[in-house]
Amino acid sequence: MALLEICAAELLAWRRLQLAEGGRAVDFDWLLDLGGGLRWSDLQQLYLDPRRSVLLERSLDQLAMIWKQHLDHHIPLQHLIGCCPWRDVELEVSAAALIPRQETELLVDFALQALARKPFGRWADLGTGSGALAVALARALPVWRGHAVDCSIEALALAKRNLQRLAPHALWQLHQGSWWEPLRPWWGEFSLVLVNPPYIPEAVMAQLEPVVRDHEPHLALCGGADGLVATRQIIVGAMQALEPGGWLFLEHHHDQSDAVLALMRQQGLENVEYKSDLLGVRRFAIARHPEHHDSLNHGTSAFGCS
């Protein structure tokens, strides 16, 4: 990619003009970073020395066009650029799947902390979308057997590209279907399962920002009347799918913690607890299959689309 040289003073003046059209400075600086190759720390240095020159990966006209599309049509900048930072990598993203959120990175951190140096196992990412969680697990646990599930063919194609590029030597498979169902041959063998299911209540969907409501797949957002339709299906199937001592880590809406923890206990899962996100909100639920339990005779299974 050819780099374009521009005077810092000109760039800063142009930035002010673009922001005068609307939008948030933090979003515009994200565009300069991911779209123009100008890191935020380098941008700050320009204010100290506006006479210097900088190199951009896109022209100012190209960046201005992207910004205008974002403002006029509420298209996510991640879709317009085609990528999103995720942990230590950049994921390809598109309208086929939910844009990975920063707080979901914590789900991976909590999961890896719980493994206690387990040398080998089988993991699953249910409703993988772009493959963000699957990529993180495949990179962190390269000798484990991994499975990523989604009911969307388009999302699976996106996840496949990300896994092939970012975890080419890890052991993973992709499966089309609903939650646990395509993993039936391996029920009772999963040591670790991560899920970021659709959990927005139907009544809340209309209140979402247009950049989310109008451009991200409702299949990955809407969790039914109370937001817990998919979550129930996942928790009910966990006792059959997890191995004894296997872990389930699940993200949920900001006000669903008590309900999700209660569902986990009702199904016979143990070590049930919540974890908070970066803002202190109870955002994650954790539970473990009992170390010794005949899971095939416990409860009933239910499956739904991610």
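Residues numbered from 1 in each chain as written. Predicted model: local features only at pLDDT ≥ 70, side-chain atom pairs only at ≥ 80, totals over all residues. Heavy atoms only, no water.

### A few points about the overall build of the chain
When its secondary structure is counted, the chain shows 12 helices and 11 strands. For the chain, whose C-alpha radius of gyration is 21 Å, the value lies close to the compact-globule estimate of 19 Å for 306 residues. Residue pairs in contact within the chain that sit at least 24 positions apart in sequence constitute 68% of those at least 6 positions apart. Each charge sign in the chain was given a centre, from 26 positive and 36 negative side chains, and these centres are 4 Å apart. (Helix = DSSP H or I, 4+ residues; strand = E, 2+ residues; numbered from the N terminus. Rg over C-alpha atoms; globule rule 2.2 N^0.38 Å. Contact = heavy atoms within 4.5 Å. Lys, Arg positive; Asp, Glu negative; His and termini not counted. Charge placed at Lys NZ, Arg CZ, Asp CG, Glu CD.)

### Re the environment of G245
Here G245 shows up in strand β9 (residues 242-251). You can call G245 buried: its relative accessible area is 8%. Between the alpha carbons of G245 and A287 there is a distance of 9.6 Å; along the sequence they are 42 residues apart. Excluding its chain neighbours within four sequence positions, the residues that come into contact with G245 are R288, H289, P290 and E291. (Buried < 20%, exposed > 50% of the residue type's maximum accessible area, 1.4 Å probe, protein only.)

### Considering the pairing of strand β3 (residues 83-86)
Alignment of β3 against strand β4 (residues 89-92), held across four bridges, turns out to be antiparallel. Across the sheet, the residue bridging to P85 is E90, located in β4. As consecutive antiparallel partners, β3 and β4 are separated by two residues, and within that stretch R87 has a phi angle of approximately 50 degrees, a positive value. (Pairing = 2+ DSSP bridges.)

### Details of the pattern of salt bridges
According to the stated counting rule, one finds 17 salt bridges in the structure shown. Residues R288 and E291 are paired through a salt bridge, measuring 3.3 Å at the closest nitrogen-oxygen approach. (Salt bridge = Lys/Arg side-chain N within 4 Å of Asp/Glu carboxyl O.)

### Some remarks on the confidence of the model for the chain
Here the chain averages 93 in pLDDT, and 95% of its residues register 70 or above. This stretch, residues 293-306, has a pLDDT under 50; its non-local contacts, to residues over four places away or in other chains, come to 33 contacts. (pLDDT = per-residue confidence, 0-100.)

### Side note on the packing of aromatic side chains
Under the criterion given, the structure shown has four aromatic pairs. An angle of 85 degrees between the planes, with centres 5.0 Å apart, marks the rings of F28 and W67 as edge-to-face. Separated by 39 residues along the polypeptide, F28 in helix α2 (residues 25-35) and W67 in helix α4 (residues 60-73) bring together distant segments of the chain. Like F28, the residue W67 is buried in the burial classification. (Phe/Tyr/Trp six-rings, centres within 6.5 Å; stacked < 30°, edge-to-face > 60°.)

### A few points about the packing of helix α1 (residues 8-20) against α4
Geometry of a packed helix pair, given as the angle between the helix axes and the separation of the axes. Contact geometry for α1 and α4: axes closest at 11 Å, N-to-C directions at 20 degrees. Here α1 is positioned roughly parallel relative to α4, judged by the angle of their axes. Taken as a pair, α1 and α4 cross one another with a handedness that is right-handed. Here E10, L11, W14, Q18 and L19 of α1 come into contact with α4, specifically with L60, L63, A64 and W67. Taken together, the residues that form the contact of α1 with α4 break down as seven nonpolar, one polar and one charged. (Axes fitted to C-alpha atoms, helices over the stretch in contact; angles between N-to-C directions. Parallel < 35°, antiparallel > 145°, perpendicular 65-115°, else oblique. Left-handed = near helix turned anticlockwise from the far one by under 90°. Nonpolar A, V, L, I, M, F, W, Y, C, P; charged D, E, K, R; others polar.)

### Focus: the layout of surface pockets
Estimates place the volume of the largest pocket at around 1,100 Å³. Along the walls of the largest pocket sit 34 residues, with R24, V26, D27, W30 and Q78 positioned nearest its centre. Listing elements by their share of the lining of the largest pocket, those giving two or more residues are α2, α4, α5 (77-81), β3, β4 and α10 (210-213). Tallying contributions element by element places α2 first for the lining of the largest pocket, with six residues. By residue class, the composition of the lining of the largest pocket is 16 nonpolar, five polar and 13 charged. (1 Å grid on protein atoms, 1.4 Å probe; cavity = no way out; pocket = protein on both sides within 12 Å on 5 of 7 lines; lining within 4 Å. Points joined across faces, edges and corners; volume = space filled by probe spheres on them.)

### A look at unusual backbone geometry
Excluding glycine, residues mostly have negative phi values, and the peptide bonds linking residues are mostly trans. If you check the backbone angles, H74 has positive phi at about 60 degrees while not being a glycine. With respect to the helices and strands, the residue H74 is situated in the loop between α4 and α5. Overall, the relative accessible area of 37% leaves H74 in the partly exposed class. Here R87, not a glycine, exhibits a phi torsion of approximately 50 degrees, which is positive. Position of R87 among the secondary structure elements: in the loop between β3 and β4.

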